Amino acid sequence: MLQEKLEVKFHVQFVATLPHATPLEIMQGVHALIEKAFAEPIVAWDCVKKEEVLLQPYTFFFPGDNPMQAKLCSSAGLNSNHFCCTCKAGGSQEYKQSDEGFASVFKPNVATALSDGVKETGIKDALAQPIIDNLVKLGAQLRKTAPGCVDISQDTPTEILHTILLGVVKYFWGQTVFVLERDKQFDLFQAHLNSIVEGGLNVPEITANYMCHYCGGLIGKHFKTLAQVMAFTDILNAWLILGRLIVLLWHTEIKDIDQYTAEVDECVNDFLNITAQCSPIILITKPKFHFLVHLAAFIRRFGPAVMFSTERYESYNAVFCAASIYSNKLAPSRNIG
């Protein structure tokens, strides 16, 4: 399916919601239906080739915000010591504040449970090791050959709406507001923001008065606009790199995957370095900064990052809000269900 077709609300299908079932229980039922449809293909008509075709759906990836992906991966979440669902990054507060632990935030931890056990105990069974290696290779081959086989830690990609816009951009916006108010320059910043002409930026109308008045309650579209226009304010060098990163991640077509992922890795490293200079402690306390190091790998696995963004699913909330007729529609999640 074409990228622009994925953004159409018609292709976002509501499956189920249950107030008494956990997300894992709902996903188990959905996955069982997908497996059944794959084993018994759906007969359809191809209007282009003028012939019948068989449709075999299978699970490709599991997008979601960070807490939901943590539940799908049976992880304790962002507040745990090992917060990353993809790798084993993290540790105790003492470890993360050490030189080795702080450096681990800047790179994915590819260690396995087997290698960890050998390092911790110092014991390696030479007799059983060939058998273990064969089992690991066999498992990798089965995951590759079996259609729809799920590797949940690798099939929950870093989601750019909650990790980028509602994550690192929101953190830097809060830091910027604090600096401006401390230096008594927030009114000057608001005047500069009002003077920006948004004609060539491909963004909605810049509501500077609203964004400055409600600076603590902005949403994704506001942060996407700020990330593109903050470069003209000369406040922090980090905004320049952050704007470049967002432009890279919102690509809908990748012509050279090697060059593109190399640029993403370079931009992420530059951003983490400038963050370490501005506020080192935030790299330890906010796990979303570490999730950025996995972006290039997920892009290689699934394609452009906008494909596994949940922004298109968030827009489906309008359907639920419209259905909540006996409500002031201020808290749909509490009124429905």
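Remember, it's a predicted structure, so these values are computed and weren't measured experimentally.

Participant: Any details on the pairing of strand E1 (residues 42-46)? Residues and values, ideally.
Facilitator: When E1 meets strand E2 (residues 51-55), the two strands line up antiparallel, connected through five bridges. Looking at the pairing, Val-43 lines up with Leu-54 of E2. Remark: four residues form the turn of the hairpin made by E1 and E2, two consecutive strands paired antiparallel; Lys-50 in that turn has positive phi of roughly 60°.

Participant: Any chance you could break down the packing of aromatic side chains for me, citing the residues and the numbers?
Facilitator: Under the defined criterion, the tally for this structure stands at 15 aromatic pairs. An angle of 75° between the planes, with centres 6.5 Å apart, marks the rings of Phe-172 and Trp-239 as edge-to-face. Linking Phe-172 in helix H8 (residues 160-182) with Trp-239 in helix H12 (residues 237-249), this pair joins segments that are 67 residues apart in sequence. Like Phe-172, the residue Trp-239 is buried in the burial classification. Where Phe-302 meets Phe-308, the ring centres are 6.2 Å apart and the plane angle is 70°; that geometry is what we call edge-to-face.

Participant: An account of empty space enclosed by the protein is needed here, citing residue identities and associated values.
Facilitator: Within this structure, the stated rule accounts for one cavity of 30 Å³ or more. Size it by volume and the largest cavity reaches roughly 130 Å³. By residue number, the principal contributor to the lining of the largest cavity is helix H3 (residues 66-72), which donates three residues. Here the residues of the lining of the largest cavity sort into eight nonpolar, seven polar and no charged.

Participant: Would you mind going over the side chain of Lys-96 in detail, with residue names and values included?
Facilitator: Structurally, Lys-96 can be placed in helix H4 (residues 93-96). For Lys-96, which is buried and forms no salt bridge, the nearest opposite charge comes from Glu-94, at a distance of 9.1 Å. Leave out the neighbours within four places in its chain, and Lys-96 touches Asn-81, Phe-83, Gly-90, Gly-91, Gly-101, Phe-102 and Ile-284.

Participant: Quick one: what's the story with the nonpolar core, residue by residue and with numbers?
Facilitator: A general feature of soluble globular proteins is that nonpolar side chains tend to end up buried together. Of all hydrophobic cores here, the largest spans 57 residues; its most connected members are Ile-164, Leu-193, Phe-271 and Phe-289. Among the elements of the structure, H8, helix H9 (186-195), helix H10 (208-213), helix H11 (220-229), H12, helix H13 (257-278), helix H14 (280-285) and helix H16 (295-302) are those that each provide at least two residues to this core. Of all the elements, H8 adds the most residues to this core, at eleven residues. If you look at the next biggest cluster of nonpolar residues, it comprises five residues, including Phe-83, Cys-84, Ala-89 and Phe-291.

Participant: I'd like to hear about unusual backbone geometry, residue by residue, with values.
Facilitator: Positive phi is not limited to glycine here, since Ser-74 has a value of about 55°. The backbone phi angle of Lys-184 is positive, close to 60°, even though this residue is not glycine. In this fold, Lys-184 is placed in the loop between H8 and H9. On the basis of relative accessibility, which here comes to 73%, the residue Lys-184 falls in the exposed class.

Participant: Describe H13, listing the residues and the values that go with them.
Facilitator: When the terminal C-alpha atoms of H13 are compared, their 31 Å separation across 22 residues agrees well with the 32 Å that a helix rising 1.5 Å per residue should span. Buried within H13 we find Tyr-260, Thr-261, Val-264, Cys-267, Val-268, Phe-271, Leu-272, Ile-274, Thr-275 and Ala-276. In this structure, the buried residues of H13 make contact with helix H5 (99-104), H8, H12, H14, helix H15 (288-291) and H16. Two to three positions downstream of the cap, the backbone nitrogen of Asp-258 sits 3.2 Å from a side-chain oxygen, assigning the N-cap of H13 to Asp-256.

Participant: Let's hear about the packing of H13 against H16: which residues, and what values?
Facilitator: Interhelical geometry of H13 versus H16 gives an angle of 155° and a closest axis separation of 9 Å. Between H13 and H16, the angle falls in the class roughly antiparallel. Between H13 and H16 lies a crossing whose hand is right-handed. Between H13 and H16, the residues in contact are Ile-257, Asp-258, Tyr-260, Thr-261, Val-264 and Asp-265 and Leu-295, Ala-296, Ile-299 and Arg-300, respectively. Counted by class, the contact of H13 with H16 contains six nonpolar, one polar and three charged residues.

Calculation notes
Counting of residues starts from 1 at the beginning of each chain's written sequence and follows it residue by residue. Where totals are concerned, whole chains, interfaces and linings use all residues; where local detail is concerned, this predicted model gives features only for residues with pLDDT of at least 70, and gives and counts side-chain atom pairs only at 80 or more. Just so you know, side-chain values use all the structure's heavy atoms and leave hydrogens and water out. One requirement defines pairing of two strands: DSSP has to find at least two bridges between them. Secondary structure elements are defined from DSSP: runs of H or I of at least 4 residues count as helices, runs of E of at least 2 residues count as strands, and each element is numbered from the N terminus. Pairs were defined over the aromatic rings of Phe, Tyr and Trp, the Trp ring being its six-membered one, requiring ring centres within 6.5 Å. Orientation was assigned from the angle between planes: stacked under 30 degrees, edge-to-face over 60, tilted for the rest. Relative accessibility under 20% of the residue-type maximum defines a buried residue, over 50% an exposed one, and the middle range a partly exposed one, all with a 1.4 Å probe and only protein chains included. Lining residues are those with an atom within 4 Å of a point, where the points come from a 1 Å grid over the protein atoms alone and group into cavities, where a 1.4 Å probe fits but cannot get out, or pockets, open sets with protein on both sides within 12 Å along at least five of seven lines. Grid points are joined across faces, edges and corners, and a volume is the space filled by probe spheres set on the points. Under this grouping Gly is polar, as are all residues other than the nonpolar Ala, Val, Leu, Ile, Met, Phe, Trp, Tyr, Cys and Pro and the charged Asp, Glu, Lys and Arg. Neither His nor the chain termini are counted; the positive set is Lys and Arg, and the negative set is Asp and Glu. Take a side-chain nitrogen of Lys or Arg and a carboxyl oxygen of Asp or Glu: if they are within 4 Å of each other, that pair is a salt bridge. Whether two residues are in contact is decided by their heavy atoms: any pair within 4.5 Å suffices. What we call a nonpolar core is a set of buried Ala, Val, Leu, Ile, Met, Phe, Trp, Tyr and Cys residues that are connected through their side-chain atoms within 4.5 Å. Helix span, as expected, comes to 1.5 Å for every residue beyond the first. Nitrogen and oxygen atoms within 3.5 Å of one another constitute a polar contact, given that in protein one can donate a hydrogen and the other can accept it, and given that sequence-neighbouring residues count only through two side-chain atoms. Fitted lines through C-alpha atoms give the axes, limited to the stretch in contact for helices. The angle between two N-to-C directions lies from 0 to 180 degrees. By the definition adopted for this analysis, an angle is roughly parallel if under 35 degrees, roughly antiparallel if over 145, roughly perpendicular if from 65 to 115, and oblique otherwise. Rotating anticlockwise by less than a right angle from the far helix to the near helix defines a left-handed crossing, while the corresponding clockwise rotation defines a right-handed one.

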